[in-house]
Each structure stands twice: as C-alpha cells, then as structure tokens.
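Examination of the molecular architecture
The lines below spell out each chain.
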Amino acid sequence: MNLDSKFAVFLTCLLGLGLALEGEAQAQVDVVVNFVTTNSTPLNPGFSGFNNGLKTAVEYYDTNFQQMVTTLSPGWLRFPAGTESEAFDWSSGQLVPAWIDVLAKNSYQSNILVNALPIVNGKGGSPFSDFAAMAAKVGGAKIIVDVNTYTDTTNSVAAFARYALTNHIPVAAWELANEPYTWLPYGLFTNGADYATQMKPFRDAIKAVDSNAVVALFFSDAGNTNVGWDNSLAGYTNQYWDAVTYHQYISPGNFTNFDDLMALANGNLVSNTTSYVSNYLMPRNDSGMTYMITEQDAASGHGGPLNDTLYGGIYSAEYALRMSTLPQVKYVASFQMLSAAGIDVTNDYFHAVNTAYTNGTTINTAGLNFGFFLSAQAAGEAVANGALYRSTQVYATTTTGGPTVPTDGGGSVPAVYAQAYQGGNGRHYVVVINKGASNLLASIKQDGVTQGNANPNKFLETFVTGADPSLTNSTPPPNNVQIQTLTGGNPVTLPPYSVMRLEWQVFDVPQPLLTLNVANPATILHWTGLTNVTYTVQCSTNLSSTWSTVGWVPATQTQLAFTNWLTEPLQFYRIAVP
C-alpha cells in the first residue's frame, strides 16, 4: 500500500489568546479570592457533563443541535436517559411497548415511558451509533451508559459492551438500573443488597467483554436519602462495583415561593454536596471507590420554579465547582442536555413524530427548524464548564469578605464562592459565583500575591448575570440571560446573580512536533510536547468538514494509539489544545 496516497497528517495547535493580568486598581475591595498553587489535586478529564433524555424529536446528527451542544463544553454525556432507559432496546434504539407493559405497576415511571414511546419511535429511534458520533463531534465528550437491567437481558448487555469496545466508543462507565430504590414499593428489589445480587450477572457480562470497564451501582438520592437502602448495599459481602453513582435533587417540602426555594438551595450547596461523599458515602464503601453524579438539579425530579432560571444556572455551576474539589468524584451532570433547563427549542415537532408513529412510519427531523437556544440555566452552566472542560488540576481556593445570602431556617452563607484551576492549555482559570443582588469588587490573588501588578494585559471575563435570579430565556431574540465577554483588570467587578469565568495565560504552549507510526492494525501518533498540557487528538476525512475528537491525552503522555485508521480512503489528524 502506498501510505502517502492513503494517509495524510495535518497538524495544528489551537492556542488561546495570550491574556495576562493588569495591575490591581487602587480601590476598596469587597471580596478577596486567593488560590494556592502548591499541593493541587487532579481533575478528572471530562468532569462535567449532562444527562440525556429520550423524549425529543431532535436527531443526534442534526448539525444545528451539535453546534448548540458544543457551546456547553460537555466533558461527558449520558445515554440513553434516566427513567426512559428502563424500556429501551439499545440494539434498535427504540422503546419496546411490551417492556413498558412489564413496568406498568409503577404508574409514574410507566407514564413517562408511554409518553416518550411515539416520540422516540416516530423518528426512527435514538441509535447509540448516532449518539456516539455526536459526542465525538461536540469535543470528544465521553459517554456514561445507563444500562437497562429492568427489561433487557445479560446477553444483550454483553453485546452492547462488545459493540462499544469494537467500535472504539469511549464509555467512561456503565451504571446499572436507573434509580432502583424507586422500585422498592413495587417489589422489583427488596433492599440494596438484593439489588446488588440481581445486578451481579449484568456486571459479569460487561466485564467478560471488557475487563477494564467501569461498572457503577446506585446509592440513593442525596436529596432524599434512603438510609436503609444504602446500609443494605454497604453491607453487601463483596462490593464488586468499581464506582458509586447517585442523583441529587432538592426536595422542596412545603416551599413554593421562589425566594424560599432559593434559600433552601443555598443551604444545600454548603451542607450537602462534598460532605455527602466524604461523610456519608465514603464510610459505606471500600477505600479507593470513585463516585459520579449523573443527575443533579436545584429543583426536585418533578421540576419546579428554580428550573431553567438564572439561579438554576448559578446553583448547578457552583455544585459542579464544589464537587470538583474532591478527587474521588470523577463525573457530575446537570439535568438535562435538551430541555427547558438545557438547550431549549422554539418548536418541539412532537406532532410530526407522533403522526409518523400513528401512521406506522418514521420521519427524519434533522432538516426541521427547531429554533434552538440556551436556557438561562444552561448559559450559567456553560460558563463554568468552559473552565472545567479545559482544566487538569484543582487549586485550593478561599474567599474572604463580602455579603451573605439567606438559607432555609434563618441562616446564611457567603454570597461569593470561587474555585481556581490549572488549565491543560497554559492558562489559569478562576470561576466566581455571586449569589447576591449587589455588585461586588473582588481581588484575585495567587499564593497570597495580588496578580498582574506589572502586566499591561487583562483578564478575559466570560459571564452571565441578571438583576433577577428568576429570569428565564424564551424564544430568541433577545434573551434575558446571555453569555457575555469582556476584558477587565484586577480587582474584578462581580455583577449581581452571576457566574463569571476569569482566564489568563500563564505560559505559552509551543507547537508540538508530530510523527506517525503505522503497524497494521494499529496506528500510533507521537508528538513532542509539554508534560503539563492536555492534548486533544482530532480527525477528519475532509479539511472543510467538522473535526471529531479521537481522544484526550493526559499531560504525562505524548502518544495515542488507535486501530480504525483504515475506515476511510483519506484521513487528516491534528493535535489541539482546548
């Protein structure tokens, strides 16, 4: 084979603006944010992501949708969904009516499935292959699979794992049986230990195909803890699972007023996020266990006034920042990617897919004008994800000074929360949350030293803000809550009800030198680069088309091996720094 005619290698390095800090203005600051660069902790690549839902007429290969997902900077995406996974056949990509019938005794969940059925099947299903291709196109998002162990079989699940492995689809984890504790009243499981026993054959089926697969079991919802379930699972004789997965929604109790619900959520951020892992879950699991949150929201699982609002974005952003400080936590997700609280639509086209289903046909909706736009909540999450997606290390960060905001029960917590990171692209990031109604002046310090006293450049500031935390977005234009950017010096003005990402260049990333070794069937890309930079390998069959991410490479490595290099007549590869 003439390798020159078969293969082309294209190299580029995507470097951000060389931004530094301006000298701090002589002004009285309200808040001091100080981060320490010694003894940092690692941040799992692809830390922050989104749950997925099936009740949507949107096709995963819709390029307009993919562009919108890219703006969220997702590190990972969940497939196929939560509740809707329970009657989902991965091999057909469709919901199975007979399987829904099996689950009919749980009316709440079966109603969700019944309503989703014509939407999913009317557009021809939601194939895993389409989802995986989308994940690659939106920045190489990893995938966490919620395995249907309710109505599917171990043989089918093994085939699922084999398909992912054979097709080089990066499944970060396989979680077994969405929210199994919700089925306790209906007799599917008697307790957590019974759940673990029933899941063991599914775990073994996955491991038989891929011994390196990460398999996760569910502990109860952190916002509505079932201690009996958790203790029973903790007492299981052989804790065979590789990771613990859980969800966290806030139970509103008797609260209905927006301010009361916001105060409840403020308190939850301080009292029931990192401490839930360190004080509750870790003592119940083997040492070295990892944790992932595949659904979280400021509202309950049934929705609520905080959903899709500016405050919803503030809450979800701070939730992710707080959880990122625990190295045992590998993934956290917002609920959910395509929804009123995520990427919203002007036209849902449910009528079109319902009609197709009723007529026994299917419809391709990729050409339809859905009118995608970011909800206020997703806009706030996207600001924080811009740092989390690109960072490799978490710096210990403290804030001092500033006002407080109320919590339920008459208490209060600081209005400002901040977290600093080392980017894998030569930048520092500081994400600052202001949960209060006032403009604040914040000084940014590194290791106790105010930054930028002698430099002419400024922070790049990316933020969302609004005068009212209940603001929502609707059919654009315009929207009430938009992602804004500007440059500014130190100290920084924190607007009210805001999520702000500050970034500046710490060191330059030189263009890496790339070489290619080919040995059938494997191809290995090598490059000379820095050990504290994250490199992203991307490929394309046409330089004018969208680039897909083959993989993220940790800073300590400078090579990537892959085996599907002969699938197209011509391929281009590039090394990017996100």
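Everything discussed here concerns the structure shown above.
Let me begin by describing the structure that accompanies this report. All values derive from a computational prediction rather than experimental measurement.

**Some details on the overall build of the protein**
Along the backbone of the protein there are 13 helices and 30 strands. In the protein, buried positions account for 57% of the 578 residues. Of all intrachain contacts in the protein linking residues separated by at least 6 positions in sequence, the fraction that spans at least 24 positions is 80%. Just so you have it, the protein exposes about 21800 Å², and 50% of that area is on carbon and sulfur atoms.

**Digging into the packing of helix α9 (residues 258-271) against helix α11 (residues 310-323)**
Where α9 contacts α11, the axes come no closer than 10 Å and their chain directions differ by 5°. Comparing the axis directions of α9 and α11 gives the class roughly parallel. Contact with α9, carried on its side by Phe258, Met262, Ala265, Asn266, Asn268, Leu269 and Val270, involves Tyr311, Tyr315, Glu318, Tyr319 and Arg322 of α11 and no other residues of that element. Across the contact of α9 with α11, the residue classes break down as 8 nonpolar, 2 polar and 2 charged.

**Structural notes on the side chain of Asp62**
Position of Asp62 relative to the elements: it lies in the loop between β2 (48-50) and α2 (63-70). When neighbours within four sequence positions are excluded, Asp62 is seen to be in contact with Thr365, Ala366, Phe370 and Phe372.

**A few points about the sheet that holds strand β11 (residues 329-334)**
The sheet built from 8 strands closes into a barrel, its strands ordered β2-β3-β6-β7-β8-β9-β10-β11 with parallel pairing. Strand after strand, the sheet turns through a mean of 30° between neighbouring axes, direction not considered. Pairing geometry for strand β10 (residues 290-297) and β11, over 3 bridges, is parallel. In the strand pairing of β11, Ile293 is matched with Val332. Where helix α7 (residues 192-209) meets the sheet, its contacts fall on β6 (142-147), β7 (171-176) and β8 (215-218), and the angle it forms with β8 comes to roughly 165°. Strand contacts of helix α13 (residues 376-388): β2, β10 and β11, with the helix running at about 145° to β2, the strand carrying the most contacts.

**Here's the deal with helix α6 (residues 154-166)**
Given 3.6 residues to a turn, an α-helix orients residues that are three or four positions apart in the same direction. Taking 1.5 Å per residue as the helical rise, α6 with its 13 residues ought to reach 18 Å, and the 18 Å between its terminal C-alpha atoms agrees with that figure. Where the residues of α6 are buried, they touch β3 (76-79), α5 (128-137), β6, β7 and α7.

**Some thoughts on helix α4 (residues 107-122)**
Here α4 spans 23 Å end to end across 16 residues, near enough to the 22 Å set by a 1.5 Å rise per residue. Taking the largest bend as the criterion, α4 deviates by roughly 35°, centred on Ala116, and proline Pro118 comes between one and four positions later. Looking only at α4, the buried set comprises Gln109, Ser110, Leu113, Ala116, Leu117, Pro118, Ile119, Val120, Asn121 and Gly122. The inward-facing, buried residues of α4 abut β5 (94-95), α3 (97-102) and α12 (350-358). Downstream of α4 by a residue or two, Gly124 has a phi angle that is positive, lying close to 90°.

**Let's talk about the pairing of strand β24 (residues 498-505)**
In terms of residue burial, β24 counts as a mostly covered element, since 8 of its 8 residues are buried. Alternating residues of β24 divide into Ser498, Met500, Leu502 and Trp504 and Val499, Arg501, Glu503 and Gln505, and every residue in both groups is buried. Examined bridge by bridge, strand β18 (residues 427-434) and β24 share 8 bridges and lie antiparallel to one another. Along β24, the bridge assignment pairs Asn434 with Ser498. Note that strand β21 (residues 459-464) and β24 share 5 bridges and pair antiparallel. Directly across from Val464, in β24, lies its bridge partner Val499.

**Some words on the packing of α11 against α13**
Helix-helix packing: each pair is described by the crossing angle between the helix axes and the interaxial distance. Taken N-terminus to C-terminus, the directions of α11 and α13 make an angle of 25°; their axes are 6 Å apart at the nearest point. Between α11 and α13, the interaxial angle falls into the category roughly parallel. Crossing hand, α11 versus α13: right-handed. From α11, Leu310, Gly312, Gly313, Ser316, Ala317, Ala320 and Leu321 reach across to α13, where they touch Ala376, Gln377, Gly380, Glu381, Ala384 and Leu388.

**What to know about the side chain of Ser498**
Mapped onto the elements of the fold, Ser498 is located in strand β24. You can call Ser498 buried: its relative accessible area is 1%. There is a polar contact of 2.7 Å between the side chain of Ser498 and the backbone oxygen of Pro495. For Ser498, the contacting residues outside a window of four places in its chain are Ile314, Val432, Ile433, Asn434, Val464 and Thr465.

**A closer look at the pattern of salt bridges**
In this structure the tally under the stated criterion is 10 salt bridges. We note a salt bridge from Arg78 to Glu295, for which the minimum N-O separation is 2.6 Å. One end of the pair, Arg78, is in strand β3; the other, Glu295, is in strand β10, with 217 residues separating them in the sequence. This pair shows no difference in class: Arg78 is buried, exactly as Glu295 is.

**Points about the packing of aromatic side chains**
Under the criterion given, the structure shown has 31 aromatic pairs. Note on Tyr150 and Trp183: the rings are 5.7 Å apart at their centroids and 40° apart in plane angle, and the pair reads as tilted. Of this pair, Tyr150 sits in the loop between β6 and α6 while Trp183 sits in the loop between β7 and α7; the two residues are 33 residues apart in sequence, bridging distant segments of the chain. Judged by relative accessible area, Trp183 falls into the buried class, the value being 0%. Through pairs of rings, three or more aromatic residues link up here, namely Tyr60, Phe79, Phe88, Trp90, Phe128, Phe131, Phe160, Tyr163 and Trp174. The residue whose ring lies beneath Lys123 is Tyr60, and the NZ or CZ to ring-centre distance is 5.4 Å.

**Some words on the environment of Glu295**
Using a relative accessible area of 5% as the deciding quantity, one classes Glu295 as buried. Between the alpha carbons of Glu295 and Val332 there is a distance of 7.4 Å; along the sequence they are 37 residues apart. Beyond its immediate chain neighbours, meaning those up to four positions away, Glu295 contacts Asn51, Arg78, Gly82, Asn178, Glu179, Tyr246, His247, Gln248, Tyr249, Ala333 and Phe335. Engagement of the side chain of Glu295 in a polar contact is seen with the side chain of Arg78, the distance being 2.6 Å.

**Comments concerning the sheet that holds strand β28 (residues 548-553)**
Here 3 strands make up an open sheet; going across it, the order is β28-β27-β30 and the pairing antiparallel. A strand with exactly one partner marks an edge of an open sheet, and here the two such strands are β28 and β30 (572-576). The mean angle between the axes of side-by-side strands here comes to 20°, regardless of whether they run parallel or antiparallel. One ladder, built from 5 bridges, connects strand β27 (residues 535-540) with β28; its direction is antiparallel. Across the sheet, Val537 pairs through a bridge with Gly551, a residue of β28.

About the criteria used
- Residues numbered from 1 in each chain as written.
- Predicted model: local features only at pLDDT ≥ 70, side-chain atom pairs only at ≥ 80, totals over all residues.
- Heavy atoms only, no water.
- Helix = DSSP H or I, 4+ residues; strand = E, 2+ residues; numbered from the N terminus.
- Buried < 20%, exposed > 50% of the residue type's maximum accessible area, 1.4 Å probe, protein only.
- Contact = heavy atoms within 4.5 Å.
- Areas by Shrake-Rupley, 256 points an atom, 1.4 Å probe, with all protein chains shown as cover.
- Axes fitted to C-alpha atoms, helices over the stretch in contact; angles between N-to-C directions.
- Parallel < 35°, antiparallel > 145°, perpendicular 65-115°, else oblique.
- Nonpolar A, V, L, I, M, F, W, Y, C, P; charged D, E, K, R; others polar.
- Pairing = 2+ DSSP bridges.
- Expected span 1.5 Å × (residues − 1).
- Bend = angle between axes of the 7 residues up to and from the residue.
- Left-handed = near helix turned anticlockwise from the far one by under 90°.
- Polar contact = N/O pair within 3.5 Å; in protein donor to acceptor, adjacent residues only side chain to side chain.
- Salt bridge = Lys/Arg side-chain N within 4 Å of Asp/Glu carboxyl O.
- Phe/Tyr/Trp six-rings, centres within 6.5 Å; stacked < 30°, edge-to-face > 60°.
- Lys NZ or Arg CZ within 6 Å of the ring centre and 35° of its normal.

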